[in-house]
Amino acid sequence: MIEYVAQASRLKQAYQSCMAGDVHAAKDFLRSLEPAAGQPDDRSFLWHYLDRVCRTEPDGATLTGHVGPVYRATFSPDGKRLATGGVDKNLIIWDVASRQKLTALHSQLSDVDTISFSPDGSAMVAAGCDGNIEFWDIATERSTGLRRAHNSSAGAIFSPDGRLVASTGHDDERKHVDGPMLESIRLWDPATQEVIGT
């Protein structure tokens, strides 16, 4: 009975690892459940299912680190880093070549809906459905400011020269005849984090 409980525990760990995208750990748990030579093969349907999933998913192809849905993935201008964000309020920066997490930045946004790198890759701006935008310094891994940009559902992007950030969002609570809220666009100076035009 004790061996059965231990096998069930390892199968559960294999399942959890597989669902979290950690194929290497899932394979290790599955290998620990393979019968020794001459022993009966009592592996379950779930073992065979997970084994098949692990064989079709290349090691390292799935980046794991977020809790919950991921809403945005954006490459740095040089293509060497990837920033991801989602419902867990984290901005995770990954090394593309090694697929390793470089850092996880905890945002003050309600969630991370959009991310944009500055053209030189030294800064980022992120926006959330709460209408806020947040500026980040990549070198220090610090938020340099949180600004109320819109009433709700903000998006933000750096200009190609890096001298402006454009934000979009819902600001007018009135509705059009067909239903959607009006959108507005604001231009920001990323150095001062002040609105310079709408």
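From a predicted model like this one, the values you see are computed outputs, not experimental measurements. (Residues numbered from 1 in each chain as written. Predicted model: local features only at pLDDT ≥ 70, side-chain atom pairs only at ≥ 80, totals over all residues. Heavy atoms only, no water.)

1. Thoughts on the confidence of the model for the protein
No. 1: Residues of the protein with pLDDT of at least 70 account for 89%, and the chain-wide mean is 86.
No. 2: Helix α1 (residues 2–19) is the least confidently modelled element of the protein, averaging 78 in pLDDT, while strand β6 (residues 123–127) averages 97, the highest of any element. (pLDDT = per-residue confidence, 0-100. Helix = DSSP H or I, 4+ residues; strand = E, 2+ residues; numbered from the N terminus.)

2. Observations concerning a nonpolar patch on the surface
No. 1: Together, Tyr-15, Met-19, Phe-45, Leu-46 and Tyr-49 make up an exposed nonpolar region whose accessible area comes to about 540 Å².
No. 2: Looking at the nonpolar patch, the elements that each hand over two or more residues are α1 and α3 (45–56).
No. 3: With respect to the secondary-structure elements, Met-19 resides in helix α1. (Patch = residues over 30% accessible without salt bridge, like charges linked within 9 Å, V, L, I, M, F, W, Y side chains within 5 Å. Areas by Shrake-Rupley, 256 points an atom, 1.4 Å probe, with all protein chains shown as cover. Salt bridge = Lys/Arg side-chain N within 4 Å of Asp/Glu carboxyl O.)

3. Describing the pattern of salt bridges
No. 1: Taken as a whole and assessed by the stated rule, the structure comprises three salt bridges.
No. 2: Here Arg-31 makes a salt bridge to Asp-28, at a shortest N to O gap of 2.7 Å. Within this pair, Arg-31 and its partner Asp-28 are both found in helix α2 (residues 23–31), separated by three residues, close to a single helical turn.
No. 3: Residue classification places Arg-31 among the partly exposed residues on the basis of a relative accessible area of 45%.
No. 4: On the accessibility criterion, Asp-28 (35% relative accessible area) is partly exposed.
No. 5: A salt bridge links Arg-163 to Asp-161, with the nearest nitrogen and oxygen atoms 3.0 Å apart.
No. 6: The class for Asp-161 is partly exposed, based on a relative accessible area of 46%. (Buried < 20%, exposed > 50% of the residue type's maximum accessible area, 1.4 Å probe, protein only.)

4. Section: the packing of aromatic side chains
No. 1: The full count for this structure, using the stated rule, is one aromatic pair.
No. 2: For the ring pair Phe-45 and Tyr-49, a centre distance of 6.4 Å and an interplane angle of 20° mean the geometry is stacked. Linking Phe-45 with Tyr-49, this pair stays in helix α3, spanning four residues, or about one helical turn.
No. 3: The exposed category is assigned to Phe-45, whose relative accessible area is 69%.
No. 4: Classification of Tyr-49 as partly exposed rests on a relative accessible area of 42%. (Phe/Tyr/Trp six-rings, centres within 6.5 Å; stacked < 30°, edge-to-face > 60°.)

5. Thoughts on the pairing of strand β7 (residues 132–137)
No. 1: Summarising burial for β7: five of the six residues are buried, a large majority.
No. 2: In terms of strand pairing, β6 meets β7 through five bridges, oriented antiparallel. By the bridge assignment, Ala-127 is partnered in β7 with Ile-133.
No. 3: Hairpin geometry of β6 and β7 is characterised by an intervening segment of four residues between the two adjacent antiparallel strands and by a positive phi of about 90° at Gly-131. (Pairing = 2+ DSSP bridges.)

6. Focus: the side chain of Thr-84
No. 1: Within the secondary structure, Thr-84 sits in strand β2 (residues 81–86).
No. 2: Among the polar contacts listed, one links the side chain of Thr-84 to the side chain of His-66, at a separation of 2.7 Å.
No. 3: Side chain to side chain, Thr-84 and Trp-94 meet in a polar contact 3.0 Å long. (Polar contact = N/O pair within 3.5 Å; in protein donor to acceptor, adjacent residues only side chain to side chain.)

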